[in-house]
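The residues making up each chain are set out below.
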Amino acid sequence: MDHFLYRDGILHAEDVALPRIAEAVGTPFYVYSTATLTRHYQLFKDALDGVDNLVCYAMKANSNQAVLKVLADLGAGMDVVSGGEYVRARAAGVPGERIVFSGVGKTREEMRDALAGGIRQFNIESEPEMLVLSEVAQSLGMKAPVTIRVNPDVDARTHEKIATGKSENKFGIPIARAHEVYALAGSLPGLDVVGIDVHIGSQLTELEPFEQAYLKVADLTRSLRAEGHNIRRLDLGGGLGIPYERSNEAPPLPTEYGALIKKCVGDLGVEVEIEPGRLIAGNAGILVSSVIYVKEGEGRDFLILDAAMNDLVRPSMYSAYHDIIPVVEPAPGLEKQPYDIVGPVCESGDTFAKQREMVPLKANELVAFRSAGAYGAVMASEYNTRPLIPEVLVQDDQFAVIRARPTFDEMINRDIVPEWL
């Protein structure tokens, strides 16, 4: 469920008509719903009711400060994957004890900054990283709290670029080697081993892969405890999918996911952490764009929009699907026709959809890309010297620009021309 609905024939974000925002900030722009962010976070909290838990929002999905502040004020933790994301989380008011640091390539500087600023745990991905972190922590007179990410060799049945739990993926250590790696971690003076971490991928649309992974983690917990390790925390990752294509069968609900977690690890007496990102932010945001031209091609028609692949790269990178709907509600029974929906960037890859059935549209009419709140703005670029587009947050009948579109002068003035030129 989201809060982007037609009212009196006009698509609204909560109680704000989208043409009103378009008039104020220009197109294209992203707009996020506070009510949807809040609801989706609360769904996860309710699903884990009765289990000691922390819901750590995977902020790589959308790291705007206003979005983080909404979730931080609700009590969310944060899953960060870089030093920059750590700084963003702290700037949004998230205390260090609610921040989990993931990622395969943490640097010494990132480790040092997180230890000095406060951290809940590091999710360790390799033995070399483990040795470096112990050394950094010792140099600060500290012990770094860690979980070790195990790779359970489970097929997440998702896009190959966002699958992370197979043996050929770069993430974690093979679960078959877990005992020797935990023995090494337990011997290092700068580490405090607190638990196990697992994450098998993103945009999962069925629960069976989660169950396979979590049962393996449950067995590992018992055997590591038998060897003397104080396993008291399980980070079970994220990855629950959202329904990008509304006509398809809906992915499992957070309530079903929570019930599975309780079934698999509920008897272990551990604190459970989960790291949802897409399901919290995805349907909480849309991208609004304007039609520049309707072009008649050879055997097909094109809708040329002012949004492009640099604004929303998912269709180009992942062949991802987004529902694209007119902002003005079509009249009932209006016949649709196929369009290739494209942007103005000089690449054939700048295509959002091919032969998508749409009602006839004209220049200057607005369209909205649904489910664009996750991995949209954060993956955007200034390719073709196209400014990053504004981000807008809505709450009830209010809206505010939470990231402004830079001017061309601001973009160009970031470049530095050497003195000899």
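Residues numbered from 1 in each chain as written. Predicted model: local features only at pLDDT ≥ 70, side-chain atom pairs only at ≥ 80, totals over all residues. Heavy atoms only, no water.

Observations regarding the pairing of strand β17 (residues 337–342)
One face of the sheet, then the other: side chains in a regular strand alternate in exactly this way. Short version of the rule: Two strands are counted as paired when DSSP detects at least two bridges linking them. Secondary structure elements are taken from DSSP: a helix is a run of H or I of four residues or more, a strand is a run of E of two residues or more, and numbering for both begins at the N terminus.
By the bridge criterion, four bridges tie strand β15 (residues 301–305) to β17 in an arrangement that is parallel. Within β17, the residue paired with F302 across the bridge is D340. Judged from the five bridges that link them, β17 and strand β18 (residues 351–358) form a sheet pairing that is antiparallel. Within β18, the residue paired with V342 across the bridge is T351.

Points about the side chain of S371
Put simply, the rule reads: For the exposure calls, accessible area comes from a 1.4 Å probe over protein chains only, and a residue counts as buried if that area is under 20% of its type's maximum, exposed if over 50%, partly exposed in between. Counted as a polar contact is a pair of N or O atoms within 3.5 Å, where, for protein atoms, one must be capable of donating a hydrogen and the other of accepting one, and residues adjacent in sequence contribute only when both atoms are in side chains.
Here S371 lies in the loop between β19 (366–369) and β20 (391–395). Relative accessible area serves as the criterion here: at 2%, S371 is assigned to the buried category. Among the polar contacts made by the side chain of S371, one reaches the side chain of N283 at a distance of 2.5 Å.

Brief notes about the nonpolar core
Rules: Among the buried residues, those of types Ala, Val, Leu, Ile, Met, Phe, Trp, Tyr and Cys that are joined through side-chain atoms within 4.5 Å form a nonpolar core. Contacts are residue-level and defined by heavy atoms, with any inter-residue pair within 4.5 Å sufficient.
Among the nonpolar cores identified, the biggest contains 101 residues, and Y57 and F122 are the most heavily contacted of them. Among the elements that line this core, the one with the most residues is helix α8 (residues 208–226), at seven residues. Not counting residues up to four positions away in its chain, the partners in contact with F122 are F101, K106, M111, A114, L115, L133, A144, P145, V146 and T147. Residues I21, A22, V288 and A368 belong to the second largest nonpolar core, which totals 18 residues.

Some remarks on the sheet that holds strand β2 (residues 10–13)
The three strands lie next to each other as β1-β2-β3, forming an open sheet whose pairing is antiparallel. Of all the strands in the sheet, just β1 (4–7) and β3 (16–17) have a single pairing partner and so form its edges. Taken together, the two bridges between β2 and β3 define a ladder with antiparallel strand orientation. Residue pairing across strands places H12 opposite A17, the latter belonging to β3.

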